[in-house]
Amino acid sequence: MGVKSIMEKEISQAVIRRMPRYYRYLGDLLDVGVERISSNDLSKRMNVTASQIRQDLNNFGGFGQQGYGYNVKYLHEEIGNILGLNKMHYVIIIGAGHLGQALANYTKFDKLGFKIAAMFDVDPEIIGTKVRGIPILSLEKLAEYIDAHPVDIATLTVPKSQADMLANQLVGLGVKAIWNFAHVDLELSDKDVIVENVHLSDSLMQLSYNIVRHTKEKSGDANG
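Residues numbered from 1 in each chain as written. Predicted model: local features only at pLDDT ≥ 70, side-chain atom pairs only at ≥ 80, totals over all residues. Heavy atoms only, no water.

### Description of unusual backbone geometry
One non-glycine residue, N47, lies in the positive phi region at around 60°. When you line up the elements, N47 lands in the loop between α3 (39-46) and α4 (50-58). For R132, which is not glycine, the phi dihedral falls at a positive 55°. Relative to the elements of secondary structure, R132 occurs in the loop between β5 (130-131) and β6 (134-138). Overall, R132 belongs to the partly exposed group, its relative accessible area being 35%. (Helix = DSSP H or I, 4+ residues; strand = E, 2+ residues; numbered from the N terminus. Buried < 20%, exposed > 50% of the residue type's maximum accessible area, 1.4 Å probe, protein only.)

This is the structure in structure tokens:
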């Protein structure tokens, strides 16, 4: 199945969410010299059923051979291509506070092909400084910068009161993908813009729920 036909096929978001995990686990296998792996062995490592793995990968052409399994290097590369990791993505960060700087300092983004090229803020004390060589520019320079440089993804690490305004400004400047860390679901004027919302507190609340459930289950076992 060609790349075009794969892209035209409707793939569920649940499958897409699992693809980066496959990519990460296969990368770990490559690091320790594993050349091939069966869906059964991969399922044990990932805690996903072998049937689910086969179904997921069959959405993109399968990649396995009966009696052989998967070539780890080939599958890792193909999933990387599916995820668009075979080309450079230029990223800017709006908001150079603690979270913005933490993202800028995460060196693995570079290895995955996400180049953080610039950061923007309104604080005069940090404008003109750099984080890991990445310049922090005045937010007033945003339009000028986007006009002169490629920007594939804009990252928002700003208070939620500013998020919608800045997001729509980015849309007006032609940015087509937003990675949103502001604690609000964006309302954009252009529905064709791709948005990935990251609510860190949601993840923490899910963890809290699982702690409570686990505690109740352990208590029930002790009283049973």
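Back to the write-up after that little detour.
### A short note on the sheet that holds strand β3 (residues 89-94)
Pairing within the open sheet is mixed, and its 7 strands lie in the order β5-β6-β4-β3-β7-β8-β9. With one partner strand each, in any of the chains shown, β5 and β9 (194-197) form the two edges of the open sheet. Across 4 bridges, the pairing between β3 and strand β7 (residues 153-156) is parallel. Bridge assignment links V91 to a residue of β7, and that residue is I153. Against the sheet, helix α9 (residues 160-172) contacts β3, β7 and β8 (177-180), and its axis sits at roughly 170° relative to β7. (Pairing = 2+ DSSP bridges. Contact = heavy atoms within 4.5 Å. Axes fitted to C-alpha atoms, helices over the stretch in contact; angles between N-to-C directions.)

### A short note on the packing of helix α2 (residues 13-31) against helix α5 (residues 72-82)
Axis separation between α2 and α5 bottoms out at 9 Å; the angle between their running directions is 145°. Remark: the crossing between α2 and α5 carries left-handed chirality. Between α2 and α5, the contacting residues are M19, Y22, Y23, L26, G27, L29 and L30 on the first element and V72, K73, L75, H76, I79 and G80 on the second. Here the residues of the contact of α2 with α5 sort into 9 nonpolar, 3 polar and 1 charged. (Left-handed = near helix turned anticlockwise from the far one by under 90°. Nonpolar A, V, L, I, M, F, W, Y, C, P; charged D, E, K, R; others polar.)

### Remarks on the side chain of S43
Inspection of the secondary structure puts S43 in helix α3. Not counting residues up to four positions away in its chain, the partners in contact with S43 are V48, T49, A50 and I53.

### Notes on the pairing of β8
Pairing between β7 and β8: 3 bridges, direction parallel. Following the sheet pairing, L156 is matched in β8 by N180. As defined by bridge partners, β8 adjoins β9 across 4 bridges and the pair is classed as parallel. Each bridged residue has a counterpart across the sheet, and for N180 the counterpart in β9 is N197.

### A short note on the packing of aromatic side chains
In the structure shown here, the tally under the stated rule is 5 aromatic pairs. Judged by centre distance (4.7 Å) and plane angle (75°), the rings of Y106 and F109 are edge-to-face. Overall, Y106 belongs to the partly exposed group, its relative accessible area being 41%. Here the aromatic residues Y106, F109, W179 and F181 are joined through ring pairs into a cluster of three or more. (Phe/Tyr/Trp six-rings, centres within 6.5 Å; stacked < 30°, edge-to-face > 60°.)

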